[in-house]
Every structure is written in C-alpha cells, then in structure tokens.
Amino acid sequence: MIITRVRTALVAVGTAALLAIPATIATTSAATAATSNKLTVTAGEYTYKLSGSPKPGNVEIVFDNAGVEIHMVVVIQLKPSVTDKQLKQAMLSDDDAAVEKLVTGQGFNIGGTPGLLSGGVSTTNIASLKAGHYGLLCFVPDPEGVPHVAHGMVKVFDVKGSKSTLKPPTDGVSEVELSEAGITLPSAGLPKNGWIKVTNTGSGPRDLTLAKYEDASATFEQVDAAVDAFFETGAFPGGTAPVLLNGGVSTLAPGASGYVEVTFESGRWTAVSSDDD
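Reading guide: rules and limits
Note that residues are indexed from 1 along each chain, following the sequence as it is written. Whole-chain, interface and lining totals are the exception, using all residues; otherwise, since this is a predicted model, local features are given only for residues with pLDDT of at least 70 and side-chain atom pairs are given and counted only at 80 or more. In computing side-chain properties, one takes all heavy atoms of the structure into account and sets aside hydrogens as well as water. When DSSP finds at least two bridges between two strands, those strands are taken to pair. A helix here means a DSSP run of H or I that spans at least four residues, while a strand means a run of E at least two residues long, and both kinds are numbered starting from the N terminus. Note on method: axes are straight lines fitted to C-alpha atoms, helices fitted across the in-contact stretch only, with angles between N-to-C directions ranging 0 to 180 degrees. Any two residues whose heavy atoms approach within 4.5 Å at even a single point are treated as in contact. Pairing of aromatic rings covers Phe, Tyr and the six-membered ring of Trp, with a centre-to-centre limit of 6.5 Å; geometry is then stacked below 30 degrees between planes, edge-to-face above 60, and tilted otherwise. The classification of residues rests on relative accessible area computed with a 1.4 Å probe and restricted to protein chains. Under 20% of the type maximum is buried, over 50% is exposed, and intermediate values are partly exposed. Two limits define a charge over a ring: the Lys NZ or Arg CZ must be within 6 Å of the ring centre, and within 35 degrees of the ring normal. Helix span, expected: 1.5 Å multiplied by one less than the number of residues in the helix. This arc describes the spread of directions from the helix axis toward the C-beta atoms. pLDDT is a per-residue confidence score from the predictor, ranging from 0 to 100.

Within the open sheet, the three strands sit side by side as S5-S7-S8. Their pairing is antiparallel. Pairing within the sheet leaves two strands with one partner each, and these edge strands are strand S5 (74-78) and strand S8 (154-159). When the angles between neighbouring strand axes are averaged without regard to direction, this sheet yields 30 degrees. As paired elements, S5 and strand S7 (residues 132-137) share five bridges and run antiparallel to each other. If you follow Ile76 over to S7, its bridge partner there is Gly135. Taken strand by strand, helix H2 (residues 84-92) contacts S5, S7 and S8, and its axis lies near 125 degrees from that of S8.

The structure is reproduced here in structure tokens:
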C-alpha cells in the first residue's frame with residue numbers, strides 16, 4: 001500500500017546518521033532571497049491552505065505549520081486536471097497502479113522541498129519546479145495512527161506562466177554535503193540564522209532533517225526509538241515529543257542541491273540524513 005510504504009520510509013528519518021549542530025558558533029546573517037516567485041503552504045488539522053501563483057523555475061516555498069500536530073508536504077507532479085478527490089482516492093487504495101496513472105513529469109516526492117515540521121514551526125526552502133500540475137500530501141499519522149491524507153490533507157496546485165527569474169541566495173550561504181559517509185558541515189559550524197545549501201554528493205537519493213532536542217539529557221538512541229514508535233502508532237511514548245522537527249530538505253537526487261533558511265534557538269540540535277526515497 002502506498003501510504004504504508006511512505007510511512008516506512010519516514011521512520012528512517014530517525015534511524016540515519018546523526019551529527020550535532022553548533023548552532024551558536026557562527027553568526028552569518030541570512031542572504032537575501034528574492035520573493036518574486038513564492039508559494040506559501042499553511043498546514044493545520046487536517047488541511048492545506050495555499051497562497052501565491054508560482055512560476056516554473058526556482059520557487060520559494062514557505063511551509064507554515066499552524067496546527068499542533070506534526071505535518072509534512074510531499075510534492076508530487078500530476079497529470080493535468082487531476083483533482084484533490086482523485087488523488088486522495090488513489091492514495092488510500094491498495095493499488096499502486098492507481099497512483100502511477102496520475103503521476104507524470106518529475107514524479108513522486110520532488111526533491112528540495114520542505115521537510116517535517118512540528119506544530120507552530122515555519123520553514124522556507126527554494127526548490128526547482130517545472131511547469132505543470134502538482135499535489136501536496138501529508139502522510140504523518142494522527143494520534144490514532146491514521147495518515148493525515150486519509151482525513152483529506154491533499155491539495156493540488158499549478159505551476160505556470162513565464163519562467164521565474166528567482167535565483168538562490170549566494171551571499172553568506174553555508175554549504176552542507178550529504179553522502180553515504182555522513183553529513184559534512186562547515187568547519188565553523190552552521191549559522192544561527194541564514195541559508196544553507198544542501199548538496200547530495202552520494203550515489204543515491206538523500207534527505208536532511210533538522211531537529212532540536214526537547215529533553216537536554218536525551219540520547220539519540222532514545223529519540224530514535226521514540227520517532228520509530230510515533231510513525232508506527234501516531235503517538236510518542238509518554239505522550240511528549242522528544243524533539244522539535246524544524247524542517248530540512250526533502251529527497252535530493254545524486255548531484256542535486258536544495259536550499260533551506262534556518263533559525264536555530266539555543267539548545268542541542270541534530271542533523272539527520274536518510275537514503276530512503
């Protein structure tokens with residue numbers, strides 16, 4: 001089943017390589033990115049609200065989780081005229097072919113888009129989108145273990161018009177590399193505020209998730225087990241999330257790059273990368 005397969009991939013976010021982020025070491029200010037090609041996605045229980053008319057090319061995607069539950073945006077390119085209802089029905093079916101009939105172009109889970117977000121958190125990414133018809137999906141489980149897409153957390157939108165002139169930021173950008181060997185951060189650490197360019201130098205698809213420990217004494221193994229339990233059951237052991245999920249960059253193909261703007265509060269942070277697509 002499509003939902004089960006995606007949820008299984010999400011569990012790997014908590015089981016991949018871990019590296020601490022010295023968030024207060026560097027203080028490079030964020031580069032200024034133009035906002036002439038912007039899509040704002042506001043998530044809640046269990047809806048997406050969209051604003052903006054994105055053009056093909058580089059798109060600044062603002063993902064705001066205005067809800068209390070964890071949410072995500074999986075971006076999928078669809079055939080023209082596919083509706084919210086058709087996409088939801090296909091995703092809830094046990095027929096992979098039903099989904100494949102709706103997909104075209106860049107396909108499933110387009111890279112460089114925002115990662116998982118805890119409630120009350122907002123993130124900004126710059127990703128490349130071709131002209132076409134797209135869908136947004138949330139596969140995070142609710143407290144009963146039911147994926148949010150089953151509640152109707154599905155939304156279609158179009159990327160159209162003349163090509164965008166938006167360029168990724170270049171001033172003060174920190175570079176992070178993902179590979180089979182791990183996560184390579186700048187020697188000075190990441191900026192407390194600023195843009196990060198994430199590049200996949202490995203041989204397979206990789207993603208990046210940024211998270212802040214809510215419990216200063218928690219170990220990665222404890223957090224790993226709690227995240228596994230959440231994506232299996234829809235609830236954290238003890239009822240409290242051990243980390244604040246702060247976005248990142250979704251699946252990047254080998255050689256591809258994505259951009260995410262970060263704001264790190266004081267505390268213990270982790271950068272996690274997995275190789276599931």
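Further notes follow.
Moving on to the packing of aromatic side chains. Summed over the entire model, instances satisfying the criterion amount to four aromatic pairs. Look at Phe230 and Phe231: their rings are 5.0 Å apart centre to centre, the planes differ by 80 degrees, and that puts the pair in the edge-to-face class. For the ring pair Phe230 and Phe236, a centre distance of 4.5 Å and an interplane angle of 15 degrees mean the geometry is stacked. With respect to burial, Phe230 and Phe236 carry one shared label: buried. These aromatic residues form a ring-pair network of at least three members: Phe230, Phe231 and Phe236. The ring centre of Tyr213 lies 4.1 Å from the NZ or CZ of Arg268, which sits over that ring.

Turning our attention to unusual backbone geometry. Residue Tyr46 follows Glu45 across a cis peptide bond; omega there is -10 degrees. Relative to the assigned elements, Tyr46 resides in the loop between strand S2 (38-44) and strand S3 (47-51). One non-glycine residue, Ser81, adopts positive backbone phi at about 75 degrees. By the element assignment, Ser81 lies in the loop between S5 and H2.

Tracing the chain through its elements places Thr124 in strand S6 (residues 122-129). Excluding anything up to four places from it in sequence, Thr124 contacts Glu60, Ile61, Val62, Trp195, Tyr259, Val260 and Glu261.

A few words now on helix H4 (residues 220-233). With 14 residues, H4 ought to run about 20 Å at 1.5 Å a step, and its terminal C-alpha atoms sit 20 Å apart, in line with that. For H4, the full list of buried residues reads Phe220, Val223, Asp224, Ala226, Val227, Phe230 and Phe231. Down the axis of H4, the buried side of the element spans an arc of 170 degrees, and every buried residue falls inside it. The exposed set on the far side of H4, more than 90 degrees from its buried face, consists of Glu221 and Glu232. Note on H4: the residue one or two positions beyond its end, Gly234, has a positive phi of about 90 degrees.

On to the confidence of the model for the protein chain, then. Across the protein chain, the average pLDDT comes to 86, with 87% of residues at or above 70. Residue range residues 1-34 is modelled with pLDDT below 50. Its contacts to residues more than four positions away, or to other chains, number 99 contacts.

Strand pairing within a sheet occurs via backbone hydrogen bonds; the two strands may be parallel or antiparallel. Read from one edge to the other, the open sheet built from eight strands follows the order S3-S2-S4-S6-S14-S11-S9-S10, with strand pairing classed as mixed. Of all strands in the sheet, those bounded by a partner on one side alone are S3 and strand S10 (182-184). This sheet shows a mean twist of 25 degrees between the axes of neighbouring strands, independent of strand direction. Pairing of strand S9 (residues 174-179) with S10 involves three bridges; the strand directions are antiparallel. Looking at S10, one finds that Glu177 is bridged to Thr184.

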